[in-house]
There are 2 protein chains.
Amino acid sequence: MFEHRSSHPILIQEVGPRDGFQIEDCFIPTADKIDLIDALSLCGLAKIEVTSFTSPKAIPALADADEVMRGIRRVPGVVYTALVPNLRGAERALAANTDELNLVMSASETHNLLNLRMTREQSVARLLKVVDLARGTGAALNVSISTSFGCPMEGAVPEATVLGLAERFLARGVGGITLCDTTGMAHPGQVASLCGAFRARFPEAELTAHLHNTRGLGLSNALAAVEAGVVRFDASLGGLGGCPYAPGATGNVCTEDLVHLFQAMGVPVAVDLPRLLAAARGLPELVGHDVPGQVLHAGRSQDLHPVPASLEAIRARAEA
Amino acid sequence: MFEHRSSHPILIQEVGPRDGFQIEDCFIPTADKIDLIDALSLCGLAKIEVTSFTSPKAIPALADADEVMRGIRRVPGVVYTALVPNLRGAERALAANTDELNLVMSASETHNLLNLRMTREQSVARLLKVVDLARGTGAALNVSISTSFGCPMEGAVPEATVLGLAERFLARGVGGITLCDTTGMAHPGQVASLCGAFRARFPEAELTAHLHNTRGLGLSNALAAVEAGVVRFDASLGGLGGCPYAPGATGNVCTEDLVHLFQAMGVPVAVDLPRLLAAARGLPELVGHDVPGQVLHAGRSQDLHPVPASLEAIRARAEA
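By convention here, each chain's residues receive numbers from 1 onward along its written sequence. Key to labels: chains lettered from A, ligands numbered from 1, both in the order written. Thresholds applied to this predicted model are a pLDDT of at least 70 for local features of residues and 80 or more for the giving and counting of side-chain atom pairs; totals over whole chains, interfaces and linings are not thresholded and use all residues. Only hydrogens and water are set aside; all other atoms, that is, all heavy atoms of the structure, feed into the side-chain values.

- Chain A has the name Hydroxymethylglutaryl-CoA lyase in an unreviewed UniProt entry, where Geothrix edaphica is given as its organism.

Okay, here's the thing in structure tokens:
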């Protein structure tokens, strides 16, 4: 049976403004991005991935990274993180007073080459330069390891490969590692195994599980991660986001669905779900299409439907 | 961590042709229904809910119940069941050589009144008449208890209410009980609790979990049910189906997503997933809209994507 062994409450890290918005066709106006992030800041989230300091040519949807990071209202206790691909991005992120730099590379060589146009060794070298640059600036560092639970081209990725990459960054002073199920290949047994192995080997590291719901297993995998001692979860408002290498697939685990599950199960999580749902309700207009979040459509399980006025007439007729 | 304690393989019971098709706006031609059920019969499913012997006025989509039940090719080992609301329906089902009569009522008084226009006591009395009629005919009997995990109008339904209803039918000779999460209100802890209590109190009864994915918890709830000793699951091809009292909500747990999860986890389930996916692939054309099944869209996690031809050029450029 499910057990949440840690006494630590679950921490929810919103990635929608980066991981979700980056694949939208339309450019979401800077002011709307800032408004959404400001609303999210009041929801009890531990961290918000605000944007990506990538070249505007590479990701036009996030070309306003600097303005967004400078424009948001910081709420004490919330960590404002941003994706940073290289030294140039790190300089921009630091200049915009980003709390945490989130670096990214893939555990699979094929995925790293296709996604980042570098070998894994080249990525490690490039990211370690960013780590060295950030040292002493006060900015925290996290490395997100894509395809940690499998590569859509190569298939299984050995746990030793993932843990070996993590070790190189942790040894250089990186505080957090995110294990990403980039295309939703993980199943609960695998999540328990890799996250458990990570926790045992790196008990001091901040571990985040970044799960996708591509094959409907996002929430099941989250429960398995909790059982393996994970307390930090990336999630995306409305379930925004996806992956270009898994066409037709839904993307990130949906923030409000994940919080709804934890709250229903009595797992401690300090997020204000009604406020989160209020923020999510504006997404379809913002992005111009429906979003996959299910609690947004169905309501929370404890939100009851009104009894129809006809009930008493039905009862009277039945009993006649 | 997840454990499948039973040595019994998981049995999958397809409900799409009844629970799915009954809410479709279009009338699916009888021959197409029969073709689909015949294809499903070759997939390793334990049971198929073929149709509902309801009044054609109540459910026009299944007005061809008799022709469908008589027209399908029976495969030995597969149980062909049908929903039966009353004595008239039972007579029709028995005349069409239905293997099992599936009776239905709600655990919640409000839902029973709205859905069946009867009090629960009236439903019990009516269904027990069907039980008595079927005795000695060779047909098996199952009772599906709707809103076992909560009523969208009343909220929580006490476990004692559900188990007390089950007991009245089991005492009269009914062999199987299905606990239905009709509007997807259940969470894994609750599923473990109610299914565990059922198994402990009625160890000889055939117990089925009928789960919905309304709030994204269908598969998580299924894993919790397996841990509680449940081996029978209702599921609907493509995730067809829903509930009129939970507007905008997705419906039944998707058969191919459920089988995919079990197979990924190494839980024994004798279903031919590629064949099932082939049958599901025809659904959007059959019902005239997309279906929520996720493995249908994303493919199985072990189905790899081809490495793009450009990979070697990318590698060469990176290494140059």
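## A closer look at the sheet that holds strand β6 (residues 176–180) of chain B
Residue and element names in this part refer to chain B.
Thinking step 1. Note on pairing: DSSP must find at least two bridges between two strands before they are called paired. Each helix is a run of DSSP H or I of at least 4 residues and each strand a run of E of at least 2, with the numbering of both proceeding from the N terminus. Taken together, the eight strands give a closed barrel; going around it, the order is β1-β2-β3-β4-β5-β6-β7-β8, and neighbouring strands pair in parallel fashion. Averaged over neighbouring strand pairs, the angle between their axes works out to 25° when direction is ignored.
Thinking step 2. Across four bridges, the pairing between strand β1 (residues 11–14) and strand β8 (residues 232–235) is parallel. Counted as the bridge partner of Glu14 is Ala235 from β8. Axis lines are fitted through C-alpha atoms, for helices just across the contact stretch, and the angle between N-to-C directions can take any value from 0 to 180 degrees.

## Some thoughts on the interface of chain A and chain B
Thinking step 1. Contacts are assigned to residue pairs that have any heavy atoms within 4.5 Å of one another. The interface is formed by 59 residues belonging to chain A together with 59 residues belonging to chain B.
Thinking step 2. The salt bridge definition used is simple: a Lys or Arg side-chain nitrogen within 4 Å of an Asp or Glu carboxyl oxygen. Remark: the boundary between chain A and chain B carries zero salt bridges.
Thinking step 3. Polar contacts, as counted here, are pairs of nitrogen or oxygen atoms within 3.5 Å of one another; within protein the pair requires one atom able to donate a hydrogen and one able to accept it, and residues that are adjacent in sequence qualify only if both atoms are side-chain atoms. Across the contact surface, chain A and chain B share 15 residue pairs in polar contact (both at pLDDT 80 or more).
Thinking step 4. Residues are grouped as follows: Ala, Val, Leu, Ile, Met, Phe, Trp, Tyr, Cys and Pro are nonpolar; Asp, Glu, Lys and Arg are charged; every other residue, Gly included, is polar. Residue composition of the side of chain A that touches chain B, grouped by class: 31 nonpolar, 19 polar and nine charged.

## As for the pairing of β8(B)
Thinking step 1. A 1.4 Å probe rolled over the protein chains alone gives each residue an accessible area, and that area as a share of the maximum for its type sets the label: buried under 20%, exposed over 50%, partly exposed in between. The alternating pattern of β8(B) places B:Arg232 and B:Asp234 on one face and B:Phe233 and B:Ala235 on the opposite face, and all of these are buried.
Thinking step 2. Taken together, strand β7 (residues 206–210) of chain B, helix α9 (residues 218–227) of chain B and β8(B) form a β-α-β motif whose crossover is right-handed. Looking down the strands as they point away from you, a crossover is right-handed if its path from the first strand over the helix to the second goes clockwise.

## Section: the pattern of salt bridges
All names here are of chain A.
Thinking step 1. Using the criterion set out here, one finds 34 salt bridges over all chains in the structure.
Thinking step 2. The residue Arg73 makes a salt bridge to Asp38 at a minimum N-O spacing of 3.7 Å. Of this pair, Arg73 sits in the loop between α3 (65–71) and β3 (79–83) while Asp38 sits in helix α2 (residues 30–40), and the two are 35 residues apart along the sequence.
Thinking step 3. Accessibility expressed as a relative area gives 62% for Arg73, which makes it exposed.
Thinking step 4. Among the ionic contacts, a cluster of salt bridges with common partners joins Arg18, Asp19 and Glu49.

## Some thoughts on the environment of B:Val253
Residues and elements named next belong to chain B.
Thinking step 1. By secondary structure assignment, the location of Val253 is in the loop between β8 and α10 (255–265).
Thinking step 2. Taking the C-alpha atoms as reference points, Val253 and Ser236, 17 residues apart in sequence, are found 6.2 Å from one another.
Thinking step 3. Apart from the residues lying within four places of it in its own chain, the contact partners of Val253 are Leu211, His212, Asn213, Gly218, Leu219, Ala235, Ser236 and Leu258.

## Notes on the relation of the copies chain A and chain B
Thinking step 1. Mapping chain A onto chain B calls for a screw motion: a turn of 180° about the axis and a shift of 0.0 Å along it, with 0.0 Å RMSD after fitting. Accordingly, the operation relating the two chain copies is best matched by a two-fold axis. The C-alpha atom lying nearest the rotation axis in chain A is that of A:Ser220; the distance is 2.4 Å.
Thinking step 2. When the interface residues of chain A are mapped onto chain B, 100% of them again fall at the interface, so both copies present the same face. Fitting of the copies onto one another was done by least squares over C-alpha atoms, counting residues only where both copies have pLDDT of at least 70.

## Concerning the side chain of A:Asn112
Residue and element names in this part refer to chain A.
Thinking step 1. One can find Asn112 in helix α5 (residues 109–116).
Thinking step 2. Classification of Asn112 by relative accessible area gives buried; the value is 0%.
Thinking step 3. Dropping the residues within four chain positions of it, Asn112 is found in contact with Met105, Ser106, Arg117, Met118, Thr119, Arg120 and Ser123.

## With respect to the sheet that holds strand β8 (residues 232–235) of chain A
Residues and elements named next belong to chain A.
Thinking step 1. Spatially, β1-β2-β3-β4-β5-β6-β7-β8 is the arrangement adopted by the eight strands of the closed barrel, whose pairing is parallel. In this sheet, adjacent strand axes meet at a mean angle of 25° when their direction is disregarded.
Thinking step 2. Of the strand pairs in this sheet, strand β2 (residues 47–52) and β3 are connected by five bridges, and their pairing is parallel. Counterpart to Thr51 in the pairing with β3 is Ala82.

## Topic: the packing of aromatic side chains
Thinking step 1. The rule is short: rings of Phe, Tyr and Trp, with Trp giving its six-membered ring, pair when the centres are within 6.5 Å, and they are stacked under 30 degrees, edge-to-face over 60, tilted in between. Counting across every chain of the model gives four aromatic pairs over all chains.
Thinking step 2. Between B:Phe233 and B:Phe262, the ring centres sit 5.6 Å apart and the planes meet at 55°, which makes this aromatic pair tilted. Taken together, the positions of B:Phe233 in strand β8 and B:Phe262 in helix α10 put the pair 29 residues apart, joining distant regions of the chain. The residues B:Phe233 and B:Phe262 share a single accessibility class, namely buried.
Thinking step 3. A ring is scored as having a charge over it whenever the NZ atom of a lysine or the CZ atom of an arginine sits within 6 Å of its centre and within 35 degrees of its normal. Sitting above the plane of the A:Phe27 ring, A:Lys33 keeps its charged end 4.1 Å from the centroid.

## What to know about unusual backbone geometry
Residue and element names in this part refer to chain A.
Thinking step 1. Although it is not a glycine, Arg117 sits at a positive phi angle of roughly 60°.
Thinking step 2. Along the chain, Arg117 falls in the loop between α5 and α6 (120–134).
Thinking step 3. The backbone of Thr147 shows a phi angle near 55°, a positive value even though the residue is not glycine.
Thinking step 4. The residue Thr147 is located in the loop between β5 (140–146) and α7 (159–171) in this model.

## Brief notes about the nonpolar core
Thinking step 1. Note on terminology: a nonpolar core comprises buried Ala, Val, Leu, Ile, Met, Phe, Trp, Tyr and Cys residues joined through side-chain atoms within 4.5 Å. Among the nonpolar cores identified, the biggest contains 102 residues, and A:Ile12, A:Leu101, A:Phe198, A:Phe233 and A:Phe262 are the most heavily contacted of them.
Thinking step 2. Residue contacts for A:Leu101: discarding those within four places in its chain leaves A:Thr81, A:Ala82, A:Val84, A:Ala90, A:Ala93, A:Leu94, A:Val130, A:Ala134, A:Ala139, A:Ala140, A:Leu141 and A:Asn142.
Thinking step 3. Membership of the second largest hydrophobic core comes to 101 residues, among which are B:Val78, B:Leu165, B:Ala224 and B:Val267.

## Comments concerning the side chain of B:Ser123
Thinking step 1. Residue placement: B:Ser123 occurs in helix α6 (residues 120–134).
Thinking step 2. What B:Ser123 contacts, discounting residues up to four positions off in sequence, is B:Met105, B:Asn112, B:Leu116 and B:Met118.

## Things to note about the packing of helix α9 (residues 218–227) of chain A against α9(B)
Thinking step 1. The N-to-C vectors of α9(A) and α9(B) enclose an angle of 50°; their axes lie 7 Å apart at closest approach. By the angle between their directions, the pair α9(A) and α9(B) is classed as oblique. In this structure, α9(A) meets α9(B) at a crossing whose hand is right-handed. Every residue of α9(B) that contacts α9(A) at A:Leu219, A:Ser220 and A:Leu223 is listed here: B:Leu219, B:Ser220 and B:Leu223.
Thinking step 2. Looking at the contact of α9(A) with α9(B) residue by residue, the classes come out as four nonpolar, two polar and no charged. For classification purposes, angles smaller than 35 degrees are called roughly parallel, those larger than 145 roughly antiparallel, those between 65 and 115 roughly perpendicular, and all remaining angles oblique. Each helix crossing is assigned a hand: it is left-handed if the near helix lies turned anticlockwise from the far helix by less than a right angle, otherwise right-handed if that turn is clockwise.

## A closer look at helix α7 (residues 159–171) of chain B
Residues and elements named next belong to chain B.
Thinking step 1. Here α7 spans 18 Å end to end across 13 residues, near enough to the 18 Å set by a 1.5 Å rise per residue.
Thinking step 2. All of the buried residues along α7 are Val162, Leu163, Leu165, Ala166, Phe169 and Leu170. Burial along α7 is one-sided: seen end-on, the buried residues are contained in an arc of 155°. Among the exposed residues of α7, those pointing more than 90 degrees away from its buried face are Ala160 and Ala171.
Thinking step 3. Of the surrounding elements, those touching the buried residues of α7 are β4 (100–106), α6, β5 (140–146), β6 and α8 (188–201).
Thinking step 4. Just downstream of α7 lies Gly173, where phi reads positive at about 105°. Here the expected span of a helix is defined as 1.5 Å times the quantity of residues minus one. Working note: the arc is built from the helix axis to C-beta atom directions.

## Examining the environment of B:Met185
Thinking step 1. By the element assignment, B:Met185 lies in the loop between β6 and α8.
Thinking step 2. Relative accessible area serves as the criterion here: at 10%, B:Met185 is assigned to the buried category.
Thinking step 3. In sequence terms B:Met185 and B:Pro60 are 125 residues apart; their C-alpha atoms lie 28 Å from each other.
Thinking step 4. When residues no more than four places from it in sequence are discounted, the contact partners of B:Met185 are A:Ser301, A:Leu304, B:Phe149, B:Gly150, B:Cys151, B:Pro152, B:Gly155, B:Gln190 and B:Arg215.

## As for the confidence of the model for chain A
Thinking step 1. Taken residue by residue, chain A gives an average pLDDT of 95. The fraction at 70 or more is 98%.
Thinking step 2. Taken as a whole, residues 244–248 of chain A scores under 50 in pLDDT and shows 10 contacts with residues more than four places along the chain or in a different chain. Residue-level confidence of the predictor is what pLDDT reports, using numbers from 0 through 100.

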